[in-house]
Amino acid sequence: MDKFFRLKENGTNVKTEVLAGITTFLTMVYIVFVNPAILSSAGVPFEQVFTATIIAAVVGTLIMAIFAKYPIAIAPGMGLNAYFASVVGAHGISYQIVFGAVFLAGLLFLLLTFTSLREVLIKAIPNSLKYGITSGIGLFIAFIGLKMAGIIVPDEVNMVTFGDLKNPVTVLSIFGLFVTLILLARKVRGALFYGMLVTALFGYFFDLLNFNGIWSLPPVPVFFDLDLSGVFTHGLYTVVFAFLLVTVFDTTGTMIGVSEQAGFMKDGKLPRAKQALMADAIATTVGSTFGTSPSTAYIESSSGVAAGGRTGLTPIVVAGLFMLALFFSPLISAISDLPAITAPVLIIVGCFMMEGLARIDWKTFDQAFPAFAILITMPLTSSIATGIAIGFITYPMLQLVSGKGKSVHPILYVFAVIFIIQMIFFPAH
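Draft legend 1. Region of the structure containing the pairing of strand β2 (residues 152-155). One ladder, built from four bridges, connects β2 with strand β3 (residues 159-162); its direction is antiparallel. The partner of P154 across the bridge, within β3, is V160. In sequence, β2 turns back onto β3 through a hairpin of three residues.

If you want it as structure tokens, here you go:
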């Protein structure tokens, strides 16, 4: 195991990787229940999506673990599932046809992976955008954590405001946050996981963690419940392109962010990028055949990296836990239903991901503003892809008008135009 995953070379061990895997799983397991809830609103059977979500997560995460060996997990993406439901509603078509669109997007995605386009893209992205993406994802994660905890709540006047400290979940979240902060300050290894464990125990004793059983038999998978011909009949080409575009840039941005955090980026390049980028393409294709929306690299992987995960053993643990989730849905449902357990981790990880801001040249405006635009757009729009789009549009534009246009890789100009067209004519909400 040490030889295959190079644990010593990466400064880690089995215990650390296992804890990192558990931490990543606990921070992203909500998708197992949220995804079926969203897609069932579009008419897809809840049990079908539940099983498909886990199958897609296991397939993508295992490919990442074995071939790319990065501590990054794959699963059906948030935002993409909401877009799926909106397409069904807006076009008045069956969910099987939209699954056909996802399948085609997955195949195109897979073909792109076997070309050098995505690797060229990673090399072409300037450091200011990379650090902006990393930090933007960090703010996005922290914002999600604050909302989950009830520390920040919607407000008609100010959009958001401070939450109610009489809310038991908010109180438990703040308690869990301070417990985890203390453990981190004391440099306890696995502090994020132990913080979640302590929070869960307190939640149980105060009747906030309720179990309706421990295990159950998994639903029977449904295979190839999709309609490819309907995609062409209804001319859903822009839908296919939207799925493809959002998935490509969402997952690429996440991989860059997590890889920067873990220290995998070498001179602006990501080793084994093709293998890493192949994982979500296959997961998207396979997932669509069982009944779920496109998959992507998960920003919650950064919680496992923060817990010390550095190799493919971390996603092996994540994939194993997802497989177990098929049989322990009542137990996992109880944990995912209490946001106080995972919200503190997301808030703290958001802080960890701010490190790259120190490396941005804030005195050079044409470098600083695109990073700032990404930083502020991601959390406010709740979209990694939108933040990336804004950065890709503003960076080449500012470089061009500053007389530095030749220093920009041509592919950035191409994508700037594509993003402008995409955001105007078929934005993925």
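Next comes the rest of the account.
Draft legend 2. Quick peek at unusual backbone geometry. Even without a glycine there, the phi angle at K69 is positive, about 60°. Position of K69 among the secondary structure elements: in the loop between α4 (46-68) and β1 (74-76). You can call K69 partly exposed: its relative accessible area is 24%. One non-glycine residue with positive phi stands out, namely R272, at about 55°. Structurally, R272 can be placed in the loop between α12 (237-262) and α13 (273-290).

Draft legend 3. Spotlight on the pattern of salt bridges. One pass over the full model with this rule turns up two salt bridges. Here E355 makes a salt bridge to R359, at a shortest N to O gap of 3.5 Å. What makes R359 partly exposed here is its relative accessible area of 46%. In this structure, K404 engages D366 in a salt bridge whose closest nitrogen and oxygen atoms are separated by 2.9 Å. Of the two residues, K404 sits in the loop between α19 (384-401) and α20 (410-425) while D366 sits in helix α18 (residues 365-381), which places them 38 residues apart along the sequence.

Draft legend 4. Representation of the environment of M265. Relative to the assigned elements, M265 resides in the loop between α12 and α13. M265 sits in the buried class, given a relative accessible area of 12%. C-alpha of M265 to C-alpha of I122: the two residues are 143 residues apart in sequence and 9.9 Å apart in space.

Draft legend 5. Examining helix α15 (residues 313-325) more closely. The end-to-end C-alpha distance of α15, which contains 13 residues, comes to 18 Å, matching closely the 18 Å that a straight helix rising 1.5 Å per residue would cover. Along α15, the residues that are buried comprise L313, T314, P315, V317, V318, A319, F322 and A325. If you follow the buried residues of α15, they end up packed against α1 (2-5), α2 (14-28), α3 (31-40), α4 and α16 (329-336).

Draft legend 6. Examining the nonpolar core more closely. Judged by nonpolar contacts, the single largest core of 122 residues is most densely connected at M64, F84, F243, F249, F322, F392 and F419. The greatest single-element share of this core, amounting to 13 residues, is contributed by α12. Membership of the second largest hydrophobic core comes to five residues, among which are L357, I360, A371 and L375.

Draft legend 7. Fine view of the packing of aromatic side chains. This model, assessed by the stated rule, comprises 18 aromatic pairs. Taking 5.8 Å as the distance between ring centres and 75° as the angle between the ring planes, the aromatic pair formed by F103 and F224 counts as edge-to-face. Here F103, found in helix α6 (residues 95-113), pairs with F224, found in the loop between α10 (191-205) and α11 (228-233); they are 121 residues apart in sequence, far enough to count as distant. We classify F103 as buried; its relative accessible area is 13%. Since its relative accessible area comes to 39%, F224 is described here as partly exposed. Among the aromatic residues, those joined into a cluster by ring pairs are F103, F223, F224 and F290.

Criteria and cut-off values
- Residues numbered from 1 in each chain as written.
- Predicted model: local features only at pLDDT ≥ 70, side-chain atom pairs only at ≥ 80, totals over all residues.
- Heavy atoms only, no water.
- Pairing = 2+ DSSP bridges.
- Helix = DSSP H or I, 4+ residues; strand = E, 2+ residues; numbered from the N terminus.
- Buried < 20%, exposed > 50% of the residue type's maximum accessible area, 1.4 Å probe, protein only.
- Salt bridge = Lys/Arg side-chain N within 4 Å of Asp/Glu carboxyl O.
- Expected span 1.5 Å × (residues − 1).
- Contact = heavy atoms within 4.5 Å.
- Core = buried A, V, L, I, M, F, W, Y, C linked by side-chain atoms within 4.5 Å.
- Phe/Tyr/Trp six-rings, centres within 6.5 Å; stacked < 30°, edge-to-face > 60°.

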